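Next come the chains, spelled out residue by residue.
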Amino acid sequence: MAYPGSNKKISFPKSVGYALAGIKFSFRERNMKIHGTAAVLVILAGIFFPISKTEWLWILLCIAGMFSLEMVNTAIEKTVDLVTGEYHPLAKAAKDLAAGAVLIYTVYSIIVGMVVFLPKLLEYFI
Ligand SMILES: Nc1ncnc2c1ncn2[C@@H]1O[C@H](COP(=O)(O)OP(=O)(O)OP(=O)(O)O)[C@@H](O)[C@H]1O
């Protein structure tokens, strides 16, 4: 089945529409809902404490990066599932690599969150 318009140039507004559809689709995935919830909590924490402009930039880099990476991970999973429903070592490698990339960014984001919020939490509670 050919994707509609796959052999002709798509207008910019239509491309943006497809991208927005991708973002909407991503939030059907469990992991994306978890990232979304974490992002809302972190943003609320940033408003509550409050954090500096530079700290906001680090936090927003983590949030945007996490969402983007999770979406690429999902795209890879879907593509692999489209290509094969059977067990294949290359399918395993592709999915594990994508999951590994998400894990690395998750650990980095946790470190950024700790560097930004730990001192403020200690100051608040002690
Ligand atoms: N076709 C396959 N061939 C070999 N191994 C696979 C295949 N499909 C999945 N796997 C293995 O199972 C793991 C889980 O795959 P799955 O597609 O369920 O992703 P997932 O990690 O559950 O994704 P998510 O929880 O983000 O939806 C993969 O990381 C991979 O190791």
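Preceding this paragraph is the structure being described.
These numbers were taken from a predicted model, which means no experiment stands behind them. (Residues numbered from 1 in each chain as written. Predicted model: local features only at pLDDT ≥ 70, side-chain atom pairs only at ≥ 80, totals over all residues. Heavy atoms only, no water.)

## Remarks on the overall build of the protein
For clarity, the cut-off: Numbering of helices and strands starts at the N terminus; helices are DSSP runs of H or I of at least 4 residues and strands are runs of E of at least 2. Values of the radius of gyration come from C-alpha atoms, whereas the globule rule sets the reference at 2.2 Å times the count of residues to the power 0.38. Relative accessible area decides the class of each residue, using a 1.4 Å probe on protein chains only: under 20% of the type maximum gives buried, over 50% gives exposed, and in between gives partly exposed. Contacts: residue pairs with any heavy atoms within 4.5 Å of one another. When charges are counted, Lys and Arg are positive and Asp and Glu negative, with His and the chain ends excluded. For the purpose of locating charges, the reference atoms are NZ of Lys, CZ of Arg, CG of Asp and CD of Glu.
The number of helices and strands found in the protein is four helices and zero strands. Ordered by position in the sequence, the α and β elements of the protein form the string α-α-α-α. Compactness check: the protein gives a C-alpha radius of gyration of 19 Å against a globular reference of 14 Å for 126 residues, more than 25% above the reference. When the backbone C-alpha atoms are referred to their principal axes, the protein occupies close to 60 × 40 × 20 Å. Looking at the protein as a whole, 21% of its 126 residues are labelled buried. Relative to all contacts within the protein whose residues are 6 or more apart in sequence, the contacts with residues 24 or more apart total 73%. For the protein, the distance from the average site of its 12 positive side-chain charges to the average site of its 8 negative ones is 11 Å.

## What to know about the site of the ligand
Here is the rule we go by: Any residue with a heavy atom lying within 4 Å of a molecule or strand is counted as near it. In protein, a polar contact requires one atom able to donate a hydrogen and another able to accept it; more generally it is a pair of N or O atoms within 3.5 Å, and residues adjacent in sequence count only if both atoms are side-chain atoms. Where accessible areas are quoted, they stem from the Shrake-Rupley method and a 1.4 Å probe; at the residue level, only the protein chains shown are allowed to cover. Polar here means any residue other than Ala, Val, Leu, Ile, Met, Phe, Trp, Tyr, Cys and Pro, which are nonpolar, and Asp, Glu, Lys and Arg, which are charged; Gly is therefore polar.
Within the structure, the ligand sits among Arg-30, Asn-31, Glu-77, Glu-86, Tyr-87, His-88, Ala-91, Lys-92, Lys-95 and Asp-96. Between His-88 and the ligand, the recorded distance is 3.0 Å, taken from a backbone N or O atom to a nitrogen atom. Side-chain polar atom of Lys-95 to an oxygen atom of the ligand: 2.5 Å apart, as the coordinates give it. For the ligand, whose free accessible area comes to 620 Å², the fraction covered by protein is 62%. When residues in the shell around the ligand are grouped by element, the largest group, four residues, is from helix α4 (residues 89–125). Per-class residue counts for the shell around the ligand are two nonpolar, two polar and six charged.

## Side note on the side chain of Glu-55
In this structure, Glu-55 sits in helix α3 (residues 53–83). Setting aside residues up to four positions removed in sequence, Glu-55 forms contacts with Val-116 and Lys-120.

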